[in-house]
Amino acid sequence: MAETLYLPATTDCALLYDSLVPQIAALIEGENDLIANLANISAALREAFGFFWVGFYLKKDQQLVLGPFQGPIACTRIQFDKGVCGACYTRKETIIVPDVEQFPGHIACSSASKSEIVLPVFAPDGSVAMVLDVDSDQLDDFSTVDAQGLGAVVKLVEGLL
């Protein structure tokens, strides 16, 4: 098992994702515990990018419930019709929010969060099994590069389901 990430000394996010995704694939290879894998994925993403908050909300019954994450304490339960995570779950699409204060119904788990990207993780039957939620303490901190890079990570997670 890898204990260290090897990342290029660059601020180019595309290059960082290109380096990180295969390392995450190697990290989770052969491990069948979903929670352990989600925990390591969260840690790897935070270590590589310094995100303010990164983690997973898992569908349980009729809501999203906090799963493995890295960062300050977070909202424990999110209704499907609330916040960016709920919107991502309901719409079944990636949502990038440049300024969370401008998103109707945003849930302020932390006042330090300024921008956010949330991606759906699909189960084999096509339903949304969970969402990957990433917050920044900077405005407009996410782009299509992040959507693509995090999308590659989501594909790895979907392979675990």
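Criteria and thresholds
Residues numbered from 1 in each chain as written. Predicted model: local features only at pLDDT ≥ 70, side-chain atom pairs only at ≥ 80, totals over all residues. Heavy atoms only, no water. Helix = DSSP H or I, 4+ residues; strand = E, 2+ residues; numbered from the N terminus. Buried < 20%, exposed > 50% of the residue type's maximum accessible area, 1.4 Å probe, protein only. Contact = heavy atoms within 4.5 Å. Pairing = 2+ DSSP bridges. Core = buried A, V, L, I, M, F, W, Y, C linked by side-chain atoms within 4.5 Å.

Caption draft 1: Region of the structure containing the environment of T4. Checked against the element boundaries, T4 lands in the segment before α1 (13–28). For the pair T4 and G83, spaced 79 residues apart in sequence, the C-alpha separation works out to 34 Å.

Caption draft 2: Highlighting helix α3 (residues 83–91). Of all nine residues in α3, seven are buried; the element is thus mostly enclosed. Every buried residue of α3 is accounted for by G83, V84, C85, G86, A87, C88 and Y89. In this structure, the buried residues of α3 make contact with β1 (53–60), β2 (63–70), β3 (77–79), β4 (95–97), β5 (115–122) and β6 (128–136). K92 sits one or two residues past α3 and shows a positive phi near 60 degrees.

Caption draft 3: A look at the pairing of β5. Most of β5 is tucked away, with seven of its eight residues classed as buried. For β4 and β5, the ladder comprises three bridges, and the chain directions are antiparallel. Looking at β5, one finds that I95 is bridged to V118. In the sheet, β5 pairs with β6 via eight bridges, with the strands oriented antiparallel. Its bridge partner lying in β6, L119 is registered against L132. In sequence, β5 turns back onto β6 through a hairpin of five residues, with G126 there showing a positive phi of about 90 degrees.

Caption draft 4: A look at the nonpolar core. Residues L45 and L132 are the most contacted members of the largest nonpolar core, which totals 28 residues. For this core, the secondary structure elements donating two or more residues are α1, α2 (34–49), β1, β5, β6 and α4 (144–158). Each residue touching L45, except ones within four places of it in the same chain, is listed here: L20, I24, G50, F51, V54, L132, L150 and V153. Ranked by size, the runner-up nonpolar core spans 19 residues in total, among them Y57, F80, Y89 and V118.

These figures come from the coordinates and say nothing about function on their own.
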